[in-house]
Amino acid sequence: MAIDDRQFHAEPRNVRRFCSLIRELHDKGFRLMLTVTPFVSGDGPIYRAFRNSGAFVKLSDGRTAMAEWIGGYSAFYDITRETVYEMLRRQLGVLHDSLGVDGFLFDCDGALPYARFANAGAAEFLKKWSELGNDFHSSQYTISRGDGFAPYIHDLQTKRPLEWGLLQEMVSNILTANLLGYPYSTVSADPALTSDSVARDPKVLLRYVQLSSVLPVAALDIAPWRITDPAVAAQCKAAFTARERIGEYYRQLIQESARTAEPIVRHMEYEFPRNGFTDCNDQFMIGSKYLVAPLLGESDSRTVRFPRGVWISRKGERFKGPLVTTVTVADGEIPIFESSK
């Protein structure tokens, strides 16, 4: 099976516009990631050109598998066929190497009900899908079949709006992912369901930004500069300013994690075994140096459980553990405590 995808190259004028947009974003300090799916429109030119080539997943009766959406139907590439896989990888390489796209978000959730019909089966479909991101500096997956410590981000998405109950769940999910060997994990709510809840209570967005800002990968579904409340916007900015202070330590941890397979974000019990932290799922360690106790509710106060040692706050307050106490901070400030060791 041969696939010649050259006929689908964009017009030079559109390519120039796209490159100009990328340069503009880069000049402003942004990096650009594009969402990639295996789907093509069921009535579009790509499907019509390749429908008889074996490029798409087919059902057991020989019909092309079609995912149904509100706006129509989509076929999807059978990337277990090497020629199809190489075609997609080549196209992504052009976007990355020639046009300046920095990375990709790989989303194949909608293909999962049909992946078993792929030529080499569902497991191989997910394996090949995961491998598409290996050639790029930044890749993000909604679902994959990769090993831990692969060079891509794992996005622990939920299909729920951003709300108070979700924040606690996010912390627990991140801790579990790191213990399972996925140190480059992030969490996100469903952006389609988030706007209304944030409009009702902008403080829930602040807490989400604060939590995201201390994770190895900070992924936000809502741009902080779109926040209409000036006070909340300033507090969100303060959260990321605080992140800069631990940036160098994060770089050290990433190198160490690649060598030792240790988690970057660590459960308290992992770092301090047999010290009574097995049920502590609302605070965590960044390496062995920083204790983070994120605010997960409306209050500016929370209970912090300190292990043995001396822990120093951003303001220079010293807490000698073992200690359980209430800590109060101002909005925009994140309860982070540095070990005195």
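Note: the structure precedes this text.
Residues numbered from 1 in each chain as written. Predicted model: local features only at pLDDT ≥ 70, side-chain atom pairs only at ≥ 80, totals over all residues. Heavy atoms only, no water.

What about the overall build of the chain?
Using the following cut-off: Only DSSP runs of H or I reaching four residues or more are called helices, and only runs of E reaching two or more are called strands; each is numbered from the N terminus. Each residue's exposure class comes from its accessible area (1.4 Å probe, protein chains only) as a fraction of the maximum for that residue type: buried when under 20%, exposed when over 50%, partly exposed otherwise. What makes two residues a contact is simply this: any of their non-hydrogen atoms within 4.5 Å. Only the protein chains shown count as cover for residues, and the accessible areas themselves come from Shrake-Rupley with a 1.4 Å probe.
Check the secondary structure of the chain and you find 10 helices and 14 strands. Counting the 341 residues in the chain, one finds 45% classified as buried. Partitioning the contacts of the chain with sequence separation of at least 6, the portion at a separation of at least 24 is 61%. For the chain, the accessible area works out to roughly 17300 Å², and carbon and sulfur atoms hold 50% of it.

Re the sheet that holds strand S14 (residues 336–339)
Threshold: Two strands pair under a simple rule: DSSP has to find at least two bridges between them.
Strand order in the open sheet formed by six strands is S9-S10-S11-S14-S12-S13, and the pairing between neighbours is antiparallel. The open sheet terminates on both sides in strands that have one partner only, identified here as strand S9 (265–266) and strand S13 (318–328).

Structural notes on the sheet that holds strand S3 (residues 67–69)
So the rule is basically this: Geometry is summarised by axes, namely lines fitted to C-alpha atoms with helices restricted to the contacting stretch, and by angles between N-to-C directions that run from 0 to 180 degrees.
The three strands lie next to each other as S2-S4-S3, forming an open sheet whose pairing is antiparallel. Strands with a single pairing partner mark the edges of an open sheet, and in this sheet they are strand S2 (39–41) and S3. With strand direction ignored, the average angle separating the axes of adjacent strands in the sheet is 40°. Strand direction decides the pairing type here: S2 and strand S4 (residues 72–76), joined by three bridges, are antiparallel. Opposite Val40, over in S4, you have Ala75 as the bridge partner.

With respect to the pattern of salt bridges
Worth spelling out the cut-off: Only one rule defines a salt bridge in this text: a Lys or Arg side-chain nitrogen within 4 Å of an Asp or Glu carboxyl oxygen.
Enumeration over the complete set of coordinates arrives at 18 salt bridges. Its salt-bridge partner being Glu24, residue Lys28 comes within 3.6 Å of it at the nearest N-O pair. Through salt bridges with shared partners, one network takes in Glu82, Lys127, Lys128 and Glu131.

Focus on helix H4 (residues 122–131)
Within the sequence span of H4, burial applies to Phe125, Leu126, Lys128, Trp129 and Ser130. Each element contacted by the buried residues of H4 is listed here: strand S1 (33–36), S4, helix H3 (82–98), strand S5 (103–106) and strand S6 (138–141).

Examining the packing of helix H5 (residues 164–179) against helix H7 (residues 202–213)
Packed helices, taken two at a time, are described by their axes: the angle between them and the distance between them. Rules: Orientation is classified from the angle alone, with under 35 degrees giving roughly parallel, over 145 giving roughly antiparallel, 65 to 115 giving roughly perpendicular, and any other angle giving oblique. Polar here means any residue outside two lists: the nonpolar Ala, Val, Leu, Ile, Met, Phe, Trp, Tyr, Cys and Pro, and the charged Asp, Glu, Lys and Arg; Gly therefore counts as polar.
Closest axis-to-axis distance for the H5/H7 pair is 10 Å, and the angle between their directions is 10°. In terms of their interaxial angle, H5 and H7 are classed as roughly parallel. Taken together, the residues of H7 that come into contact with H5 (itself represented by Trp164, Leu167, Met170 and Val171) are Lys203, Val204, Arg207, Tyr208 and Leu211. For the contact of H5 with H7, the per-class residue count stands at seven nonpolar, no polar and two charged.

Side note on H3
Applied cut-off: One less than the number of residues in a helix, times 1.5 Å, gives the span that helix is expected to have.
If you check H3, its first and last C-alpha atoms are 23 Å apart, about what 17 residues at 1.5 Å a residue would give, namely 24 Å. Among the residues of H3, Val84, Tyr85, Met87, Leu88, Leu92 and Gly93 are the ones counted as buried. The inward-facing, buried residues of H3 abut S1, S5 and H4. Of the residues one or two after H3, Gly100 is the one with positive phi, at around 95°.

Honestly, that's just the spatial picture; any functional story needs more than this.
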